[in-house]
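# Architecture and fold: a report
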Amino acid sequence: MFSLSSIELGVRFVGFAAAELARLRSPLNVKNNETLGRELFSGHLKGKRLRVNAFLINEISESGISLDRLSLAPRRLFSAVGREAAAKRSVNFKGFAEFDCASLRAIELDDGTRLDAVGDPTFENAFHADVALMPDRGDDYYLFVATELKDISQPHLE
Amino acid sequence: MGVTRISWPSAAQSFGSYSGSVAAAFLAGALCAPVEAHEEYARVLRRLDVRWSVPRAYGSSFQGTVISYGMTPATTPPVIALLEEPSADWLELRALGADWDGKGAVAVSPSAIAHAKAFVNSLGVVGSTFEPFAHPNGSVGLEAQKPGKEAYLIVTPSGRFSYLVRLGDAVHRGKDVQAALMARVLALLY
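The sections below set out a description of the structure shown in this document. (Residues numbered from 1 in each chain as written. Chains lettered and ligands numbered in written order. Predicted model: local features only at pLDDT ≥ 70, side-chain atom pairs only at ≥ 80, totals over all residues.)

### A few points about the overall build of chain A
Along the backbone of chain A there are four helices and eight strands. Secondary structure elements in chain A, listed N-terminal to C-terminal, are α-β-β-β-β-α-β-α-β-β-α-β. Relative to a compact globule of 158 residues, whose C-alpha radius of gyration would be 15 Å, chain A shows 15 Å and is just as compact. Counting only C-alpha atoms and orienting by the principal axes, one finds that chain A spans roughly 40 × 40 × 25 Å. (Helix = DSSP H or I, 4+ residues; strand = E, 2+ residues; numbered from the N terminus. Rg over C-alpha atoms; globule rule 2.2 N^0.38 Å.)

### Concerning the overall build of chain B
Summing up its helical and strand segments, chain B has seven helices and eight strands in all. When burial is assessed residue by residue, chain B has 23% of its 190 residues classed as buried. For chain B, the share of sequence-separated contacts (at least 6 apart) that also reach a separation of at least 24 residues comes to 44%. (Buried ≥ 20, exposed ≤ 12 C-beta atoms within 10 Å, placed from the backbone. Contact = placed C-beta atoms within 7 Å.)

### Considerations on the interface of chain B and chain A
Each partner contributes to the interface: chain B provides 27 residues, whereas chain A provides 27 residues. Of all elements in the fold, only strand S4 (131–134), strand S5 (140–146), strand S6 (149–155), strand S7 (161–167) and strand S8 (170–177) of chain B reach the threshold of two or more residues within the side of chain B that touches chain A. When residues of the side of chain B that touches chain A are assigned to their parent elements, the largest contribution, four residues, is made by S8 of chain B. A class-by-class count of the residues in the side of chain B that touches chain A yields 12 nonpolar, eight polar and seven charged. (Nonpolar A, V, L, I, M, F, W, Y, C, P; charged D, E, K, R; others polar.)

### Overview of the environment of Pro27 of chain A
All names here are of chain A. With respect to the element layout, Pro27 can be found in the loop between helix H1 (4–22) and strand S1 (35–41). Of the residues examined, Pro27 has 19 C-beta atoms within 10 Å and is grouped as partly exposed. When the C-alpha atoms of Pro27 and Asp100 are compared, they prove to be 17 Å apart, with 73 residues separating the residues in sequence. Here Pro27 is in contact with Phe16, Ala17, Glu20, Leu21 and Gly119, once residues within four sequence places are set aside.

### Remarks on the environment of Gly43 of chain A
Secondary-structure assignment places Gly43 of chain A in the loop between S1 and strand S2 (45–46). Among the residues examined, Gly43 of chain A registers 24 C-beta atoms within 10 Å and is labelled buried. When the C-alpha atoms of Gly43 of chain A and Ile107 of chain A are compared, they prove to be 25 Å apart, with 64 residues separating the residues in sequence. Those residues in contact with Gly43 of chain A that lie beyond four places of it in its chain are Asn53 of chain A together with Leu96, Trp100, Asp101 and Ala134 of chain B.

### A closer look at the sheet that holds S7 of chain B
Residue and element names in this part refer to chain B. Read from one edge of the open sheet, five strands run S4-S5-S6-S7-S8, paired in antiparallel fashion. Two strands close off the open sheet at either side, each with one partner strand: S4 and S8. With direction set aside, neighbouring strand axes in the sheet form an average angle of 15 degrees. Two strands pair when backbone bridges link them, and S6 and S7 are joined in this way by seven bridges, in the antiparallel orientation. Note on S7: the bridge partner recorded for Lys149 is Leu167. Helix H5 (residues 88–95) rests against S4 and S5 of the sheet, and its axis sits at about 5 degrees to S4. Helix H7 (residues 179–189) rests against S6, S7 and S8 of the sheet, and its axis sits at about 0 degrees to S7. (Pairing = 2+ DSSP bridges. Axes fitted to C-alpha atoms, helices over the stretch in contact; angles between N-to-C directions.)

### Some details on the sheet that holds strand S6 (residues 117–119) of chain A
All names here are of chain A. Pairing in this open sheet of six strands is antiparallel, and the strands run S6-S7-S4-S1-S5-S8 from one edge to the other. In this open sheet, the two edge strands, each paired with only one partner strand, are S6 and strand S8 (154–157). Between one strand axis and the next, the sheet turns through 40 degrees on average, direction left out of account.

### Description of the environment of His115 of chain B
Along the polypeptide, His115 of chain B turns up in helix H6 (residues 110–122). In the structure, His115 of chain B is positioned 31 residues away from Lys146 of chain B in sequence and 24 Å away in space, judged by C-alpha atoms.

### What to know about the nonpolar core
Counting residues in each nonpolar core, the largest one holds 68 residues, and the members touching the most others are Leu36, Phe55, Ala117 and Ala146 of chain A together with Leu153 and Val155 of chain B. Non-local contacts of Ala117 of chain A, meaning those with residues more than four positions away in its chain, are made with Val30, Leu36, Leu67, Cys101, Leu104, Ala129, Asp130 and Val131 of chain A. (Core = buried A, V, L, I, M, F, W, Y, C linked by C-beta atoms within 7 Å.)

### Concerning unusual backbone geometry
With phi around 60 degrees, Leu24 of chain A is a residue other than glycine that occupies positive phi space. Counting through the fold element by element, Leu24 of chain A comes out in the loop between H1 and S1. Of the residues examined, Leu24 of chain A has 6 C-beta atoms within 10 Å and is grouped as exposed. Within the chain, Asp99 of chain B stands out as a residue other than glycine whose phi angle is a positive 65 degrees. In this fold, Asp99 of chain B is placed in the loop between H5 and H6. Classification of Asp99 of chain B as buried rests on a count of 20 C-beta atoms within 10 Å.

What follows is the structure, encoded as structure tokens:
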């Protein structure tokens, strides 16, 4: 059963997708001026300071870094989805680590690759996006990516 | 606080009439000494609570080195912190259950915590500057920062290390490293 917030995000995404398709653009293409946010939970902060683990992933359960396309729908909807996720897991939703997509795309890793975000709608959050990562690269590689993302992020706490 | 100034241009003259050959032999020996000798020297310096101030070390006009020693405010607070609040961050790690990040995180491994704590304690004062954090794969992360430098370590449940050290714009990283080698890397880079 999906929450009202998830349903509203889905309806808004249908409208957004229709408008984008009418302009012959893919709704999954994230524009440079879009604001992206990583949901923050209890263990991601030291006081109000962002920790690098906000951008670390468990390779077994994730293939990329999950983000919300915050500038495409009201913030309250994303916050509600975050709080609902936290309530199911006995952790506290704290807010978002935010950055714009242009900053993300400006990151060049030491293997010459660049980070990018692509829309990846889910039933809980139709404005979900993913930063795909190369598989099986070792903890130091993912740590490197995480520190780069931390550097461009600003925490917006609730 | 005492201060010893070593002036490299005039160092040779202090060897008297044999200055040229003796100084050359001395410096050559120091430069060719094995890595262990340098590390032992570094350990001794740390034990003496020595701070190095090297003016314009990047330039070609390397004129001198100032060594300051004694009790300094820079090292005292971390020592006190080590004694008075040893476990708040570590307790927080233990309190995080499975899926603590909302995306399928594994609960932090007690074994990883034990390895990370042992490593931090082995570093002494430097270790007290490292803050632990949870890694979604069950490992323990360690983070420390000082001006111009950042060090991030990941300690797995089996006690292996991955690391990333930033020195300004330069990034050094590695994986699957043993604790002893990790300590040497930190001594060199951080």
